[in-house]
Amino acid sequence: MKYRTLGPAFEVSALGLGCMPMAGVGKGMYGEADDAESIATIHRAIALGVTLFDTAEIYGPLKNEALLGQAIRGKRDGVVIATKFGFRYDEKGMSGVDSTPANVRRACEGSLRRLGVETIDLLYQHRVDPNVPIEDTVGAMGELVAEGKVRHLGLSEASDATLRKAAATHPIAALQSEYSLWERDVEDEILPTCRELGIGFVPYSPLGRGFLTGQITSRDDLPEGDYRRNDPRYSDENFAKNMEMVAVVKTIADAHGASPAQVALAWLLAQGPDIVPIPGSKRRVTLEDSMKAVDVALSADDLATLDSASKGNTAGPRYGERAMAMTRL
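Cut-offs and rules
Residues numbered from 1 in each chain as written. Predicted model: local features only at pLDDT ≥ 70, side-chain atom pairs only at ≥ 80, totals over all residues. Heavy atoms only, no water. Buried < 20%, exposed > 50% of the residue type's maximum accessible area, 1.4 Å probe, protein only. Helix = DSSP H or I, 4+ residues; strand = E, 2+ residues; numbered from the N terminus. Right-handed = clockwise from strand over helix to strand, strands pointing away. Contact = heavy atoms within 4.5 Å. Polar contact = N/O pair within 3.5 Å; in protein donor to acceptor, adjacent residues only side chain to side chain. Core = buried A, V, L, I, M, F, W, Y, C linked by side-chain atoms within 4.5 Å. Axes fitted to C-alpha atoms, helices over the stretch in contact; angles between N-to-C directions. Parallel < 35°, antiparallel > 145°, perpendicular 65-115°, else oblique. Left-handed = near helix turned anticlockwise from the far one by under 90°. Nonpolar A, V, L, I, M, F, W, Y, C, P; charged D, E, K, R; others polar.

A. Geometry of the pairing of strand E9 (residues 150-156). Within E9, six of the seven residues are buried, which leaves it mostly tucked inside the rest of the structure. Where the polypeptide runs from strand E8 (residues 120-125) across helix H5 (residues 134-146) and back to E9, its parallel neighbour, the crossover connection is right-handed. Between the parallel elements E9 and strand E10 (residues 174-178), the chain passes through helix H6 (residues 160-169) in a crossover that is right-handed.

Structural data, given as C-alpha coordinates:
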(Lines give C-alpha, C1' and ligand atoms only; values in the text may rest on other atoms or scores of the structure.)
Protein backbone atom coordinates (compact mmCIF):
# COMPACT_ATOMS: atom_id res chain seq x y z
CA MET A 1 0.00 0.00 0.00
CA LYS A 2 1.04 3.58 -0.59
CA TYR A 3 0.08 6.56 1.55
CA ARG A 4 -1.12 10.10 1.06
CA THR A 5 -1.91 13.16 3.16
CA LEU A 6 -5.30 14.77 3.61
CA GLY A 7 -5.23 18.38 4.72
CA PRO A 8 -1.95 19.63 6.14
CA ALA A 9 -0.81 16.53 8.03
CA PHE A 10 -3.31 13.65 8.10
CA GLU A 11 -1.74 10.53 6.59
CA VAL A 12 -3.98 7.77 5.25
CA SER A 13 -3.67 4.93 2.76
CA ALA A 14 -3.85 6.03 -0.88
CA LEU A 15 -7.02 3.95 -1.21
CA GLY A 16 -9.52 3.62 1.60
CA LEU A 17 -12.34 1.13 2.02
CA GLY A 18 -15.94 2.26 1.64
CA CYS A 19 -17.95 0.14 4.07
CA MET A 20 -21.38 1.21 2.81
CA PRO A 21 -22.08 -2.09 0.94
CA MET A 22 -21.77 -3.98 4.21
CA ALA A 23 -24.26 -4.36 7.07
CA GLY A 24 -27.55 -2.53 7.04
CA VAL A 25 -27.68 -1.34 3.47
CA GLY A 26 -29.56 -4.34 2.11
CA LYS A 27 -29.74 -6.23 -1.15
CA GLY A 28 -31.48 -3.34 -2.89
CA MET A 29 -28.23 -1.37 -2.98
CA TYR A 30 -25.33 -3.61 -3.96
CA GLY A 31 -26.63 -7.08 -3.20
CA GLU A 32 -26.94 -8.93 0.07
CA ALA A 33 -23.93 -8.74 2.38
CA ASP A 34 -22.69 -11.45 4.72
CA ASP A 35 -21.47 -10.08 8.04
CA ALA A 36 -18.73 -12.67 8.43
CA GLU A 37 -17.37 -11.96 4.95
CA SER A 38 -17.63 -8.22 5.54
CA ILE A 39 -15.58 -8.51 8.72
CA ALA A 40 -13.08 -10.73 6.93
CA THR A 41 -12.85 -8.06 4.22
CA ILE A 42 -12.06 -5.37 6.80
CA HIS A 43 -9.41 -7.61 8.37
CA ARG A 44 -7.90 -8.32 4.95
CA ALA A 45 -7.84 -4.61 4.19
CA ILE A 46 -5.91 -3.95 7.40
CA ALA A 47 -3.45 -6.70 6.45
CA LEU A 48 -2.97 -5.06 3.04
CA GLY A 49 -2.07 -1.76 4.69
CA VAL A 50 -5.38 0.03 4.22
CA THR A 51 -5.85 2.52 7.04
CA LEU A 52 -8.92 4.57 6.02
CA PHE A 53 -12.33 3.00 6.67
CA ASP A 54 -15.46 4.96 5.76
CA THR A 55 -18.91 4.49 7.26
CA ALA A 56 -21.88 6.66 8.33
CA GLU A 57 -24.65 6.83 10.89
CA ILE A 58 -27.30 6.59 8.17
CA TYR A 59 -25.90 3.33 6.73
CA GLY A 60 -28.31 0.88 8.27
CA PRO A 61 -29.05 3.17 10.01
CA LEU A 62 -26.51 2.44 12.77
CA LYS A 63 -25.76 -1.17 11.81
CA ASN A 64 -22.84 -0.34 9.53
CA GLU A 65 -20.95 1.53 12.24
CA ALA A 66 -21.59 -1.30 14.68
CA LEU A 67 -20.19 -3.88 12.25
CA LEU A 68 -17.08 -1.80 11.62
CA GLY A 69 -16.64 -1.35 15.36
CA GLN A 70 -16.85 -5.10 15.84
CA ALA A 71 -14.30 -5.70 13.09
CA ILE A 72 -11.68 -3.29 14.43
CA ARG A 73 -11.90 -4.45 18.02
CA GLY A 74 -8.32 -5.19 19.07
CA LYS A 75 -7.03 -3.74 15.78
CA ARG A 76 -7.48 -0.01 16.41
CA ASP A 77 -3.82 0.99 16.16
CA GLY A 78 -3.13 2.58 12.79
CA VAL A 79 -6.77 2.41 11.69
CA VAL A 80 -8.37 5.67 10.60
CA ILE A 81 -12.13 5.74 11.14
CA ALA A 82 -14.24 8.15 9.12
CA THR A 83 -17.96 8.47 9.75
CA LYS A 84 -20.70 10.90 8.85
CA PHE A 85 -23.72 12.59 10.45
CA GLY A 86 -26.40 14.90 9.16
CA PHE A 87 -29.55 12.96 8.27
CA ARG A 88 -32.76 12.76 10.23
CA TYR A 89 -34.37 9.32 10.28
CA ASP A 90 -36.95 7.16 12.05
CA GLU A 91 -38.37 3.66 11.74
CA LYS A 92 -39.71 4.54 8.29
CA GLY A 93 -36.28 5.60 7.02
CA MET A 94 -34.56 8.87 6.21
CA SER A 95 -36.78 11.92 6.56
CA GLY A 96 -34.46 14.85 5.84
CA VAL A 97 -31.29 16.57 6.96
CA ASP A 98 -30.36 17.89 10.40
CA SER A 99 -27.04 19.59 11.09
CA THR A 100 -28.10 21.55 14.14
CA PRO A 101 -25.41 21.70 16.84
CA ALA A 102 -27.56 19.48 19.07
CA ASN A 103 -27.76 16.79 16.41
CA VAL A 104 -24.04 17.05 15.68
CA ARG A 105 -23.31 16.14 19.30
CA ARG A 106 -26.01 13.46 19.52
CA ALA A 107 -24.74 11.77 16.37
CA CYS A 108 -21.10 11.88 17.45
CA GLU A 109 -21.84 10.34 20.85
CA GLY A 110 -23.80 7.55 19.20
CA SER A 111 -21.09 6.88 16.62
CA LEU A 112 -18.43 6.67 19.33
CA ARG A 113 -20.49 4.03 21.16
CA ARG A 114 -21.24 1.93 18.09
CA LEU A 115 -17.68 2.08 16.82
CA GLY A 116 -16.30 1.31 20.27
CA VAL A 117 -13.67 4.05 20.03
CA GLU A 118 -12.76 7.07 22.12
CA THR A 119 -12.06 9.31 19.13
CA ILE A 120 -13.41 9.52 15.59
CA ASP A 121 -10.50 10.26 13.28
CA LEU A 122 -12.53 12.05 10.59
CA LEU A 123 -16.08 13.30 11.12
CA TYR A 124 -17.96 14.44 8.02
CA GLN A 125 -21.15 16.41 7.63
CA HIS A 126 -22.91 13.97 5.28
CA ARG A 127 -24.96 16.58 3.43
CA VAL A 128 -25.16 20.33 3.90
CA ASP A 129 -28.26 21.45 5.82
CA PRO A 130 -29.65 24.53 4.05
CA ASN A 131 -31.52 25.52 7.22
CA VAL A 132 -28.45 25.72 9.45
CA PRO A 133 -25.55 28.09 8.79
CA ILE A 134 -22.45 26.05 8.04
CA GLU A 135 -20.56 28.15 10.58
CA ASP A 136 -22.89 26.86 13.32
CA THR A 137 -22.48 23.24 12.26
CA VAL A 138 -18.71 23.40 11.88
CA GLY A 139 -18.46 25.34 15.12
CA ALA A 140 -20.22 22.48 16.92
CA MET A 141 -17.95 19.97 15.20
CA GLY A 142 -14.95 22.01 16.32
CA GLU A 143 -16.12 21.75 19.92
CA LEU A 144 -15.90 17.96 19.57
CA VAL A 145 -12.32 18.33 18.37
CA ALA A 146 -11.51 20.47 21.40
CA GLU A 147 -13.00 17.77 23.64
CA GLY A 148 -10.86 15.05 22.03
CA LYS A 149 -13.85 13.18 20.59
CA VAL A 150 -12.92 13.96 16.98
CA ARG A 151 -9.50 14.49 15.34
CA HIS A 152 -10.31 15.99 11.94
CA LEU A 153 -13.35 17.51 10.24
CA GLY A 154 -14.76 16.96 6.78
CA LEU A 155 -17.73 17.85 4.60
CA SER A 156 -19.50 15.88 1.88
CA GLU A 157 -21.03 17.18 -1.36
CA ALA A 158 -20.54 20.80 -0.31
CA SER A 159 -20.22 23.69 -2.77
CA ASP A 160 -17.08 25.74 -3.09
CA ALA A 161 -18.78 28.67 -1.30
CA THR A 162 -19.75 26.46 1.64
CA LEU A 163 -16.22 25.06 1.78
CA ARG A 164 -14.81 28.56 2.13
CA LYS A 165 -17.17 29.43 4.98
CA ALA A 166 -16.46 26.14 6.74
CA ALA A 167 -12.69 26.47 6.43
CA ALA A 168 -12.87 30.01 7.82
CA THR A 169 -14.57 28.57 10.93
CA HIS A 170 -12.34 25.54 11.59
CA PRO A 171 -9.65 23.65 9.63
CA ILE A 172 -11.24 21.15 7.22
CA ALA A 173 -9.14 18.09 6.38
CA ALA A 174 -11.23 16.56 3.60
CA LEU A 175 -14.16 16.95 1.27
CA GLN A 176 -15.90 13.75 0.23
CA SER A 177 -17.84 13.96 -3.02
CA GLU A 178 -18.53 11.80 -6.03
CA TYR A 179 -15.64 11.78 -8.51
CA SER A 180 -14.74 9.24 -11.16
CA LEU A 181 -14.25 8.83 -14.89
CA TRP A 182 -17.99 9.24 -15.33
CA GLU A 183 -18.48 12.07 -12.82
CA ARG A 184 -16.02 14.95 -13.25
CA ASP A 185 -17.99 18.09 -12.43
CA VAL A 186 -15.91 18.70 -9.27
CA GLU A 187 -12.96 19.56 -11.51
CA ASP A 188 -14.51 22.90 -12.48
CA GLU A 189 -14.72 24.75 -9.16
CA ILE A 190 -14.81 22.40 -6.17
CA LEU A 191 -11.51 20.58 -6.57
CA PRO A 192 -9.59 23.82 -7.28
CA THR A 193 -11.12 25.34 -4.14
CA CYS A 194 -10.04 22.33 -2.09
CA ARG A 195 -6.50 22.76 -3.37
CA GLU A 196 -6.49 26.49 -2.70
CA LEU A 197 -7.59 25.85 0.89
CA GLY A 198 -5.37 22.80 1.48
CA ILE A 199 -8.32 20.41 1.81
CA GLY A 200 -7.87 16.79 0.72
CA PHE A 201 -10.38 15.18 -1.62
CA VAL A 202 -11.99 11.78 -1.00
CA PRO A 203 -13.95 10.47 -4.02
CA TYR A 204 -16.87 8.19 -3.25
CA SER A 205 -18.39 5.94 -5.93
CA PRO A 206 -15.01 5.97 -7.73
CA LEU A 207 -16.17 3.03 -9.85
CA GLY A 208 -19.44 4.59 -10.95
CA ARG A 209 -21.57 2.38 -8.68
CA GLY A 210 -20.04 -0.65 -10.34
CA PHE A 211 -20.45 0.53 -13.93
CA LEU A 212 -16.74 1.15 -14.50
CA THR A 213 -15.76 -2.36 -13.38
CA GLY A 214 -16.99 -3.78 -16.67
CA GLN A 215 -18.88 -6.49 -14.79
CA ILE A 216 -22.28 -5.10 -15.74
CA THR A 217 -22.88 -5.47 -19.47
CA SER A 218 -26.64 -4.87 -19.54
CA ARG A 219 -29.42 -3.79 -17.21
CA ASP A 220 -30.42 -7.45 -17.00
CA ASP A 221 -27.24 -8.05 -14.96
CA LEU A 222 -28.83 -6.03 -12.14
CA PRO A 223 -31.05 -8.12 -9.85
CA GLU A 224 -34.69 -7.19 -9.40
CA GLY A 225 -35.02 -4.54 -6.73
CA ASP A 226 -31.51 -3.15 -7.22
CA TYR A 227 -31.74 0.64 -6.86
CA ARG A 228 -29.46 1.08 -9.87
CA ARG A 229 -32.36 0.07 -12.07
CA ASN A 230 -33.64 3.57 -11.25
CA ASP A 231 -30.24 5.24 -11.65
CA PRO A 232 -30.44 7.65 -14.62
CA ARG A 233 -27.05 6.51 -15.93
CA TYR A 234 -28.15 2.88 -15.93
CA SER A 235 -31.40 3.70 -17.74
CA ASP A 236 -32.30 2.21 -21.13
CA GLU A 237 -31.69 5.51 -22.90
CA ASN A 238 -28.23 6.08 -21.33
CA PHE A 239 -26.76 2.61 -20.77
CA ALA A 240 -25.32 2.03 -24.25
CA LYS A 241 -23.72 5.48 -24.42
CA ASN A 242 -22.03 4.98 -21.04
CA MET A 243 -20.75 1.57 -22.09
CA GLU A 244 -18.60 3.31 -24.70
CA MET A 245 -16.43 4.68 -21.89
CA VAL A 246 -16.19 1.26 -20.28
CA ALA A 247 -14.90 -0.17 -23.57
CA VAL A 248 -12.01 2.31 -23.50
CA VAL A 249 -11.23 1.45 -19.89
CA LYS A 250 -11.22 -2.26 -20.75
CA THR A 251 -8.82 -1.74 -23.66
CA ILE A 252 -6.31 0.06 -21.42
CA ALA A 253 -6.79 -2.51 -18.69
CA ASP A 254 -5.98 -5.35 -21.11
CA ALA A 255 -2.80 -3.57 -22.17
CA HIS A 256 -1.65 -3.37 -18.55
CA GLY A 257 -2.78 -6.85 -17.53
CA ALA A 258 -5.08 -5.11 -15.05
CA SER A 259 -8.79 -5.05 -14.34
CA PRO A 260 -11.05 -2.18 -15.46
CA ALA A 261 -11.61 -1.31 -11.79
CA GLN A 262 -7.88 -0.95 -11.27
CA VAL A 263 -7.56 1.37 -14.27
CA ALA A 264 -10.50 3.53 -13.14
CA LEU A 265 -8.93 3.87 -9.68
CA ALA A 266 -5.43 4.44 -11.07
CA TRP A 267 -6.83 7.28 -13.19
CA LEU A 268 -8.22 8.93 -10.07
CA LEU A 269 -4.95 8.48 -8.18
CA ALA A 270 -3.15 10.14 -11.09
CA GLN A 271 -5.30 13.27 -10.73
CA GLY A 272 -3.21 14.45 -7.79
CA PRO A 273 -1.53 13.39 -4.54
CA ASP A 274 -4.43 14.89 -2.55
CA ILE A 275 -6.92 12.37 -4.00
CA VAL A 276 -7.85 9.38 -1.80
CA PRO A 277 -10.63 7.24 -3.37
CA ILE A 278 -12.74 4.92 -1.21
CA PRO A 279 -13.99 2.05 -3.40
CA GLY A 280 -16.72 0.11 -1.65
CA SER A 281 -16.44 -3.60 -1.10
CA LYS A 282 -18.07 -6.27 1.02
CA ARG A 283 -15.98 -9.20 -0.25
CA ARG A 284 -12.27 -9.92 -0.07
CA VAL A 285 -11.99 -10.75 -3.76
CA THR A 286 -13.17 -7.32 -4.91
CA LEU A 287 -11.16 -5.59 -2.20
CA GLU A 288 -7.95 -7.29 -3.30
CA ASP A 289 -8.60 -6.42 -6.93
CA SER A 290 -9.21 -2.74 -6.16
CA MET A 291 -6.20 -2.31 -3.91
CA LYS A 292 -3.84 -3.41 -6.70
CA ALA A 293 -4.65 -0.12 -8.42
CA VAL A 294 -1.90 1.61 -6.42
CA ASP A 295 0.63 -0.31 -8.53
CA VAL A 296 -0.92 0.44 -11.94
CA ALA A 297 1.16 3.12 -13.69
CA LEU A 298 -0.83 4.71 -16.49
CA SER A 299 1.15 6.41 -19.24
CA ALA A 300 0.56 9.94 -20.47
CA ASP A 301 -1.13 8.44 -23.54
CA ASP A 302 -3.37 6.29 -21.33
CA LEU A 303 -4.41 9.31 -19.30
CA ALA A 304 -5.08 11.36 -22.42
CA THR A 305 -7.21 8.58 -23.90
CA LEU A 306 -9.23 8.22 -20.71
CA ASP A 307 -9.62 11.97 -20.45
CA SER A 308 -10.94 12.20 -23.99
CA ALA A 309 -13.33 9.29 -23.48
CA SER A 310 -14.77 10.58 -20.22
CA LYS A 311 -14.79 14.38 -20.10
CA GLY A 312 -18.32 15.52 -20.85
CA ASN A 313 -19.30 12.16 -22.35
CA THR A 314 -21.37 10.62 -19.56
CA ALA A 315 -25.06 10.30 -20.41
CA GLY A 316 -27.60 11.18 -17.75
CA PRO A 317 -27.44 12.86 -14.33
CA ARG A 318 -25.70 10.99 -11.52
CA TYR A 319 -28.74 10.98 -9.22
CA GLY A 320 -32.47 11.38 -9.43
CA GLU A 321 -33.98 14.78 -8.73
CA ARG A 322 -34.41 14.35 -4.95
CA ALA A 323 -30.85 13.20 -4.28
CA MET A 324 -29.38 15.80 -6.63
CA ALA A 325 -31.14 18.54 -4.67
CA MET A 326 -29.02 17.62 -1.64
CA THR A 327 -25.69 18.11 -3.40
CA ARG A 328 -23.42 21.10 -3.99
CA LEU A 329 -25.17 23.27 -1.39
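B. Quick look at the environment of Arg4. On the secondary structure map, Arg4 appears in strand E1 (residues 3-6). Sequence-wise, Arg4 and Ala14 are 10 residues apart; in three dimensions their C-alpha atoms are separated by 5.3 Å. Setting aside residues no more than four positions away along its own chain, Arg4 makes contact with Phe10, Glu11, Val12, Ser13, Ala14, Leu269, Gly272, Pro273, Ile275 and Val276. Only 2.9 Å separates the side chain of Arg4 from the backbone oxygen of Leu269, close enough to count as a polar contact. Separated by 2.8 Å, the side chain of Arg4 and the backbone oxygen of Ile275 make a polar contact.

C. Summary view of the nonpolar core. Counting 79 residues, the largest nonpolar core has Leu17, Phe53, Leu175 and Phe201 as the members making the most contacts within it. Element by element, the count of residues in this core is highest for helix H9 (residues 260-269), at eight residues. In this view, Phe201 contacts Leu6, Leu175, Ser177, Tyr179, Val186, Ile190, Leu191, Cys194, Asp274, Ile275 and Val276; residues no more than four positions away in its chain are not counted. With 15 residues, the next largest nonpolar core counts Leu6, Val12, Ala174 and Ile278 among its residues.

D. Spatial organisation of the packing of H6 against helix H7 (residues 190-197). Their axes nearest at 9 Å, the elements H6 and H7 cross at an angle of 20°. The orientation of H6 relative to H7 falls into the category roughly parallel. You can see that H6 and H7 cross each other, and the crossing is right-handed. On the side of H6, the interface is formed by Asp160, Leu163, Arg164 and Ala167, while H7 contributes Ile190, Thr193, Cys194, Glu196 and Leu197. Residues belonging to the contact of H6 with H7 are distributed by class as follows: five nonpolar, one polar and three charged.

E. Quick look at the side chain of Thr41. Looking at the secondary structure, you find Thr41 in helix H2 (residues 35-47). The class for Thr41 is buried, based on a relative accessible area of 0%. Within the local environment of Thr41, its side chain forms a polar contact with the backbone oxygen of Glu37, the two atoms lying 2.7 Å apart. A polar contact is formed between the side chain of Thr41 and the backbone nitrogen of Arg283, at a distance of 3.5 Å. Other than its neighbours up to four places away in sequence, Thr41 contacts Leu17, Met22, Ser281, Lys282, Arg283, Arg284 and Leu287.

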